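Analysis of the macromolecular model
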Amino acid sequence: MQRFVDNVLAVTKESVKTFTYESLNNIVRLINGISAILLAFLPGKATILEGIHGWELRPTFRGPRFPRWMENGVSSFNQFVHELPVDSDTSSVDYSSGEEDFDGIHPSTPSSQSSRVSRASTFANYEKHQTGWITCILCWVLFPAKFLLGLPFRLGHFSCSRVPKSHSTPNHPLRLRSFKRSHTLKDHIVHRATDRRRGVIEDLHLAIEIFIEAVFDVVHKAAHCILSPSKAFRIVQKWLSYGSSSTEGFHDDFSDAFMQTATLGENDPAVTERKTTFHQSMNTDARTCQDVITELGYPYEAIHVVTSDGYVLLLERIPRRDSRKAVYLQHGILDTSMGWVSNGVVGSPAFAAYDQGYDVFLGNFRGLVSREHVDKNISSRQYWRYSINEHGTEDIPALIEKIHEIKTSELKLSHPDLNEEIGEDQPYKLCAICHSLGGAGILMYVVTRQIEEKPHRLSRLILLSPAGFHDDSNLVFTMVEYVFLFLAPILAPIVPGIYIPTRFFRMLLNKLARDFHNYPAVGGLVQTLMSYVVGGDSSNWVGVLGLPHYNMNDMPGVSFRVAHHLAQMKRAGRFRLYDYGSAINMEVYGSPEPLDLGEYYGLIDIPVDLVAGHKDKVIRPSMVRKHYKLMKESGVDVSYNEFEYAHLDFTFSHREEVLAYVMSRLLLVEPTSKEKLNEKAERLKKRQVNS
């Protein structure tokens, strides 16, 4: 009888699983089909659907060839990757976010580990202080959705806590970890492909399966108790007699309810218990820039920089300590240093510069949800109280001065006669590559430093679609401008920053981005709507949302004052500092009007390369040409170039045109006098050898 009941329950359970699984799949297919029909009636769908895949961070083993500028000076790692055979192509590999994979393969450096721990602890402290009636209202409004989505997770967690322990031979973590260390890079990537990130739909599949398993587990045990009352009575008696030890007896009696299996190819092929668990239930890609850099075989260093107003910034580095040429890369709005390494080994500006012999520094602006500040108890309103002024006059000066301090001290150790060699000159050359808001910040930095008669320590600026002028923009941006300008007094105290405040909704956004990738029609529809919002810009907005710096642990946000500052510049048609109002402007600037930076472009004493995107609808080419015209009229050594790029393509595109151009401009920087002498000596030696 028990065997018959077991068979009936097993068949019923699998039937329920199949029914729910297929029902959910049909609903998703219906949504995807409706999205495809809507796309058929929306203009621009053809270009939107192009490139919807391929945004995972992964090295490209086959695909883009080495660009021309990398023919000389390619790192040994890049050469190894490029020479892999064709049959080792893993271009469809999808990376997971399992922290256990990193522990056995890429041990963290002390600085990087402390950086991660510091950020995690800081984030935990700040999460406790997120209060305010706006957050409360949002929580109450969105509580039903959060409860329904969280219910499967809670049920899954509850069922996992009730699952009996396996009595099979345990795995040996030390032996497995040593086995992992012996894997080659290619084996490591293939191994990582088995544990990929999950979207909301996949999580829902898993949660439903766990829920069904838990329900039928209870029914199965209840049926056993009913059919075998004497055995049930003995178990209860044993439980009452021996307390906690009875749980083990209960598990022993009913352990046959679980399937005992072994997986072919396991290191320890002992019979193990196969059960559905919710391991890594929040399985999102939460890797940092450090993880990507070290994953690809490059060195890494994390440096914490404190600004004069107490903000803690993360300056990341791919170090070449003995190099006398350095490059500083600064991201734009709603971005982090991740953007400079997101295209993997071949195609990322940071790796390209390192392979050309540069000491690479990656700057990060203030403005993360974790609110990193010397004051651990800083409120949200106080933290987000900054504009673009602070990016250009606080963040960038602190980062560049730290770079100068590090490079000077390191070069003095490696070159004891450095002071006599360079005299009053800087012992290294520092170039800056900046995108979008980073371009506006670096221009503000150079102009204000020149006005203050302080050294800016830069040798060249390469600005990719720089912000600053925004009067030529679409209708949506104009509407946003009016909202920010007229409602600023009301909104500023209520919404100090624009960001996703809770881990749950950040996790949900990251997982939805994964679903957009898995269901191209839905992703294409969202992509089309996003492009309409930004005036038809063809950047892969959906793909960028899936990048690791948009994860549940942390995420870049936008200060209200930064958005208000952009609206002010759009209304005025000028690139100027933040307008506090006439009274406060007199105290801050000494005049009723804020400083117009465009009028002081004549103070720029270094070459500037401006790059615009023909398809860029966020910062249109006409606005970049406005920078060019003012600089040209002011006598600045400036160049202008335009590519068939959208706004995000400058950092996230896999094409090599802009990257080749950027590297060619970096090579125009004149070396120091000592380097010139070394080059002449090498040329003489080559001539002597040839003769």
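Residues numbered from 1 in each chain as written. Predicted model: local features only at pLDDT ≥ 70, side-chain atom pairs only at ≥ 80, totals over all residues. Heavy atoms only, no water.

1. Some remarks on the UniProt feature "transmembrane region" (unreviewed entry) in the protein chain
In the numbering used here, UniProt assigns the feature "transmembrane region" (unreviewed entry) to residues 482-501. Annotated as residues 482-501, this span is 65% helix and 10% strand, and its ends, taken at the C-alpha atoms, are 25 Å apart. (UniProt positions renumbered as here; feature names shortened; annotations may be inferred. Helix = DSSP H or I, 4+ residues; strand = E, 2+ residues; numbered from the N terminus.)

2. Section: helix 26 (residues 657-666)
Where burial is concerned, most of helix 26 is hidden: eight out of the ten residues are buried. Looking at helix 26, one finds that the buried residues are V658, L659, A660, Y661, V662, M663, R665 and L666. (Buried < 20%, exposed > 50% of the residue type's maximum accessible area, 1.4 Å probe, protein only.)

3. Topic: the packing of aromatic side chains
If you walk through the whole model with that rule in mind, you get 18 aromatic pairs. Here the aromatic rings of F643 and Y645 are separated by 6.1 Å at their centres, their planes lie at 65°, and the arrangement is edge-to-face. Note on accessibility: F643 and Y645 belong to one class, buried. An aromatic cluster is present here, built from Y311, Y383, W384, Y386 and Y499 joined pairwise through their rings. Sitting over the ring of Y354, R320 keeps its end group 4.0 Å from the ring centre. Note that R366 overlies the ring of Y311, its terminal NZ or CZ placed 3.8 Å from the centroid. (Phe/Tyr/Trp six-rings, centres within 6.5 Å; stacked < 30°, edge-to-face > 60°. Lys NZ or Arg CZ within 6 Å of the ring centre and 35° of its normal.)

4. Remarks on the packing of helix 19 (residues 503-518) against helix 20 (residues 520-533)
Between helix 19 and helix 20, the shortest axis-to-axis distance is 5 Å and the interhelical angle comes to 115°. The orientation of helix 19 with respect to helix 20, classified from their angle, is roughly perpendicular. Of helix 20, the residues touching helix 19 (which contributes F516, H517 and N518) are P520, V522, G523 and V526. Across the contact of helix 19 with helix 20, the residue classes break down as four nonpolar, three polar and no charged. (Axes fitted to C-alpha atoms, helices over the stretch in contact; angles between N-to-C directions. Parallel < 35°, antiparallel > 145°, perpendicular 65-115°, else oblique. Contact = heavy atoms within 4.5 Å. Nonpolar A, V, L, I, M, F, W, Y, C, P; charged D, E, K, R; others polar.)

5. Things to note about unusual backbone geometry
Its identity as a non-glycine residue notwithstanding, R457 has a phi of 65°, on the positive side. You can see R457 is positioned in the loop between helix 17 (437-451) and strand 8 (460-464). Positive phi, close to 50°, is recorded for S465, a residue that is not glycine.

6. Brief notes about the nonpolar core
Formed by 61 residues in total, the largest nonpolar core has its most connected members in I442, L458, L461 and I604. Those residues in contact with I442 that lie beyond four places of it in its chain are Y328, I396, I400, A432, C434, L458, L461 and L463. In terms of nonpolar packing, the next biggest core, distinct from the first, is built from 39 residues, C289, V292, V345 and A353 among them. (Core = buried A, V, L, I, M, F, W, Y, C linked by side-chain atoms within 4.5 Å.)

7. Overview of the sheet that holds strand 3 (residues 301-306)
In any sheet, the strands associate via hydrogen bonds between backbone groups, in a parallel or an antiparallel arrangement. Pairing within the open sheet is mixed, and its eight strands lie in the order 3-4-6-5-7-8-11-12. The open sheet terminates on both sides in strands that have one partner only, identified here as strand 3 and strand 12 (638-643). Within this sheet the neighbouring strands show an average axis-to-axis angle of 20°, counted without direction. Direction of pairing for strand 4 (residues 312-318) relative to strand 6 (residues 359-363): antiparallel, over a ladder of three bridges. If you follow E316 over to strand 6, its bridge partner there is L362. Helix-sheet contacts for helix 17 involve strand 5 (325-330), strand 7 (429-435) and strand 8, and the interaxial angle to strand 7 is about 135°. (Pairing = 2+ DSSP bridges.)

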